[in-house]
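What the coordinates show
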Amino acid sequence: GRMKPVIVVHGGAGRIFKEREEGCRAGVVRAALRGYALLKQGGSAVDAVEEAVRSMEDDPHFNAGCGSVLNEKGEVEMDAIIMDGKNLDSGAVSAVKCIANPIKLARLVMEKTKHMLLTDHGAHLFAQAMGIPEIPGEKLITERSRERWKKNLEPDSNPEEFHKDLGTVGAVAIDSEGNVACATSTGGLSNKMIGRVGDTACIGSGGYADNHSGATSTTGHGESIMKVVLARLILYHMEQGMSPEVAADTALDYMKTRVGGLGGVIVVNKAGEWAARFSTKQMSWATVKDDNLHYGIYAGEKHIKSVDEASAFEREGF
């Protein structure tokens, strides 16, 4: 292969409370470093994005896997997608319960079935058939998610306020062969209706990957993202010749003006150029390219470290 591998990850766009900042930063950095380590060993973009997302699903700081927000009934229902830019194969799951890593199940849907999206009970049966261990739903619930759910049940509460604090996770990558991939995973909206599926599981909205242009993963207000098919819109702009950054900003701007929706995106194009852009107050993100780690949370914030430095830093904590 001739490409220099690149990985970009996000830990969700929205409002990141001060006390959670360090944890979110550490979580996206760890995910990016893990994905990059695979790419450096010659691993595929699909392997790298799955690994990065799995790492964040296991981290209670994010609204995916363990740490997912609760639906109106106080349960965790999760959505995830993965896509391979080489042949446009994709796998997704929606409204899944009682498994630790929905992204793993999405990958199995992509590789072991002729379908692209399995939901709820059917996804559960498929997980069993694939030998994915079931875990008690309570294991995925953090104190914070439960507190938030309770708050939202109060008669004078405004769940919309909390929707600004979203932690969908995602990753995009290009490997040494020049193949791109994306992966996205989420617990959805706090106090959502049972069975609500947002943008994450929807191809072209929660993510899209095509070797001819690049890959993107999105985060933010799901219903708004679906209205403009945000991930595919960004790739369309890149096909028209825009850089990843301009394409991302143009699409986010359109979503804001057309439907009043806020969000964030990560992008890599087929040349290995990347962007992490958002219209919300914050989005935790990290990138590794040329053995350099870049990361940030606030608009205009960008830290750079060498991968070796970052790995030591990660072991010692931030």
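Residues numbered from 1 in each chain as written. Predicted model: local features only at pLDDT ≥ 70, side-chain atom pairs only at ≥ 80, totals over all residues. Heavy atoms only, no water.

1. Structural notes on unusual backbone geometry
A negative phi angle characterises most non-glycine residues, just as the trans form characterises most peptide bonds. To keep things clear, this is the line we draw: By definition, any uninterrupted DSSP run of H or I lasting at least four residues is a helix, any uninterrupted run of E lasting at least two residues is a strand, and each is numbered from the N terminus.
Here the phi dihedral of Asn 191 falls at roughly 60°; this positive angle occurs in a residue that is not glycine. Note that Asn 191 resides in the loop between strand 6 (180-186) and strand 7 (207-210). Its identity is not glycine, yet Val 229 carries a phi of approximately 45°, on the positive side. As for its position among the elements, Val 229 is in the loop between helix 7 (222-228) and helix 8 (230-239).

2. Structural notes on the side chain of His 294
For clarity, the cut-off: In this scheme, a residue with accessible area under 20% of its type's maximum is buried, one over 50% is exposed, and one in between is partly exposed, where area comes from a 1.4 Å probe on protein chains only. Whether two residues are in contact is decided by their heavy atoms: any pair within 4.5 Å suffices.
By the element assignment, His 294 lies in strand 12 (residues 292-298). Accessibility expressed as a relative area gives 13% for His 294, which makes it buried. Those residues in contact with His 294 that lie beyond four places of it in its chain are Trp 274, Trp 285, Ala 286, Thr 287, Lys 302, His 303 and Ile 304.

3. Here we look at the sheet that holds strand 7
Adjacent strands of a sheet pair through backbone hydrogen bonds, lying either parallel or antiparallel. Here is the rule: Note: two strands are recorded as paired if DSSP finds a minimum of 2 bridges between them. Throughout, an axis means a line fitted to C-alpha atoms (over the contacting stretch in the case of helices), and angles, computed between N-to-C directions, take values from 0 to 180 degrees.
Taken together, the 4 strands give an open sheet; going across it, the order is 7-8-9-10, and neighbouring strands pair in antiparallel fashion. Either end of the sheet is taken by a strand with one partner, and the two such strands are strand 7 and strand 10 (274-278). The average angle at which neighbouring strand axes cross in this sheet is 10°, direction not considered. Two elements, strand 7 and strand 8 (residues 214-220), share 4 bridges in a ladder whose sense is antiparallel. Across the sheet, residue Ala 209 finds its bridge partner in strand 8, namely Ala 215. Along the sheet face, helix 8 touches strand 7, strand 8 and strand 9 (263-269) and points at about 140° away from the line of strand 8.

4. Quick notes on the UniProt feature "active site" (unreviewed entry) in the protein
Rules: UniProt positions are given in the numbering used here, feature names are shortened, and annotations may be inferred rather than shown by experiment.
UniProt records the feature "active site" (unreviewed entry) at Thr 168, using the numbering of this structure. Here Thr 168 lies in the loop between helix 6 (159-162) and strand 5 (169-174). In contact with Thr 168, other than residues within four places in its own chain, are His 10, Gly 11, Gly 12, Asn 63, Thr 184, Ser 185, Thr 186, Thr 200, Thr 218 and Thr 219.

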